[in-house]
Amino acid sequence: MKYLVGVVRIFVGILFIISGFIKLNDPVGFSFKLEEYFSQGVLDLPFLTPFALVISILVVIVEVMVGVMLILGYKRKLTVWTLLAMIIFFTFLTFYSAYFNKVTDCGCFGDAIKLTPWESFTKDVVLLVLILIIYVGRKYITPLVNSKTLMSVLYVSFIACIGYVYYVLNHLPVIDFRPYEIGKNIEEGMNTPPDAPKAVFEYKWKFNVNGNEEIYITNGDYPTVDGEFIDVETEEIQAGYEPPVHDFTIEQNGEDFAASLLQEPKLVMVIAYDLRKSNLEVFKEIKAVTDNALKAGYKVIGMSASGPDQTDALKKENNLAFDFYFTDETTLKTIVRSNPGVLVLEKGTIVQKLHYNDLENLIFE
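My aim in this report is to walk through the structure given alongside it, one point at a time. Worth saying up front: this structure is predicted, and the values here are computed from it rather than measured. (Residues numbered from 1 in each chain as written. Predicted model: local features only at pLDDT ≥ 70, side-chain atom pairs only at ≥ 80, totals over all residues. Heavy atoms only, no water.)

1. A short note on the side chain of Thr 311
So the rule is basically this: By the criteria applied, helices consist of DSSP H or I runs no shorter than four residues and strands consist of E runs no shorter than two, each listed in order from the N terminus. Categorising residues by exposure relies on relative accessible area from a 1.4 Å probe, with only protein chains included: less than 20% of the type maximum marks a residue as buried, more than 50% marks it as exposed, and the intermediate range marks it as partly exposed. Any two residues whose heavy atoms approach within 4.5 Å at even a single point are treated as in contact.
Within the secondary structure, Thr 311 is located in helix 10 (residues 308–318). On the basis of relative accessible area, Thr 311 is assigned to the buried category, the value being 7%. Not counting the four nearest positions on each side in its chain, Thr 311 is found in contact with Leu 275, Ser 304, Ser 306 and Phe 324.

2. Some details on empty space enclosed by the protein
Here is the rule we go by: Cavities and pockets are defined on a 1 Å grid built over the protein atoms alone: a cavity is a set of grid points where a 1.4 Å probe fits but cannot escape, while a pocket is an open set with protein on both sides within 12 Å along at least five of seven lines, and lining residues are those with an atom within 4 Å of any such point. Grid points are joined across faces, edges and corners, and a volume is the space filled by probe spheres set on the points. Under the grouping applied here, Gly and all other residues not named as nonpolar or charged are polar, the nonpolar ones being Ala, Val, Leu, Ile, Met, Phe, Trp, Tyr, Cys and Pro and the charged ones Asp, Glu, Lys and Arg.
In the structure shown here, the tally under the stated rule is 1 cavity of 30 Å³ or more. Of the volumes computed, that of the largest cavity is approximately 60 Å³. What lines the largest cavity is a set of 11 residues, and nearest its centre among them are Asn 25, Asp 26, Asp 111, Ile 175 and Phe 177. Of the residues contributing to the lining of the largest cavity, the split by class is 5 nonpolar, 2 polar and 4 charged.

3. Notes on helix 2 (residues 27–38)
Stated precisely, the cut-off is as follows: Working rule for helices: expected span equals 1.5 Å times residues minus one.
With 12 residues, helix 2 should reach 16 Å at 1.5 Å per residue; the first-to-last C-alpha distance of 16 Å fits that figure. Of all the 12 residues making up helix 2, 10 are buried; the element is thus mostly covered by neighbouring parts of the structure. For helix 2, the complete set of buried residues consists of Pro 27, Val 28, Gly 29, Phe 30, Ser 31, Phe 32, Lys 33, Leu 34, Tyr 37 and Phe 38. On its buried side, helix 2 packs onto helix 1 (2–24), helix 3 (52–72), helix 4 (76–99), helix 6 (147–170) and helix 11 (329–335).

4. Considerations on the pairing of strand 1 (residues 200–209)
What counts here: Being paired, for any two strands, means DSSP has found at least two bridges between them.
Across 9 bridges, the pairing between strand 1 and strand 3 (residues 228–238) is antiparallel. Within strand 3, the position partnered with Lys 204 by the bridge is Glu 233. In terms of strand pairing, strand 1 meets strand 2 (residues 212–218) through 7 bridges, oriented antiparallel. Its bridge partner lying in strand 2, Val 209 is registered against Asn 212. Counted along the chain from strand 1 to the antiparallel partner strand 2, the turn is 2 residues long, and its residue Asn 210 has a positive phi close to 55°.

5. Brief notes about the sheet that holds strand 3
Short version of the rule: Each axis is a line fitted through C-alpha atoms, taken for helices only over the stretch in contact, and angles between the N-to-C directions span 0 to 180 degrees.
Pairing is antiparallel across the open sheet formed by 3 strands, whose spatial order is 2-1-3. Each end of this open sheet is capped by a strand with a single partner; those strands are strand 2 and strand 3. Each strand axis lies, on average, 20° off the axis of its neighbour in the sheet, ignoring direction.

Just distances and angles here, no functional claims.
Structural data, given as structure tokens:
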């Protein structure tokens, strides 16, 4: 039992650190996921939505620190009970999401590893079993190092977490796991390979045959039945390939200009997913930056999910020399974790992506 607890303890601790670090790298993205959980259609806790970012930061720092504490063997009772409470809550949450099909991705590993709801639940069940092993054998958890070294590691870990999250909040995630990272071509990301797996559907056909209701199951073909058709139910039993970039449009007056704009040799995108939540003071600096881009021969566009009343008012107030286009809010949140943020593209390939705090680093060649 002693050796089993030792191995499980290290494994669980490393897993919590990795999971926490991935979310610590992108706390804004995790806060978006929490907002989804807090929404009316899921947990119905809308009063928590304004605090989603603060909660996300606290959760991921606790996740990392609990992993460190478990490996080091610090305060084993507190550590084990915290682990147990967290995994019970997450297991309930992932089961609820999977069973009622509420949230399609739990966000457990951010954008680095995508899990289906049932995969997330299975992962949490396995973790629950491992943590129960640790709980039963908690007496075998002993400090790996002396108390002075242990406290030093804890302090350094905590300060590193605070410093790292402060940096990514004021700039951008250090590691970009999304399909809009620098160097990626958006148009290529929208393509589906010819040999990509296709979705498989199961069709349950209901017929009235000689006064009896009978069901015939096919994968799409209309069954040959000597009876009266009543109804058909369709269920996806195997998901098909989904391109990494989807739901990407650049619309104006109901027309999608994405195809033509992604062919521009020099394109600057000013992205603000919701102007009500944007740092509007930054648009004074964006005005200067985009004017320089226009002088350098770049085409400049704004992209927002806000309505024309808001975008027109912003354009007039700041004397912006570019027009705004409509793009889905979730897509814009995925593209850049800054509101507003700026991208520079060359024929659809992202060559620069910056937080509004780093606009002075933009280079127009």
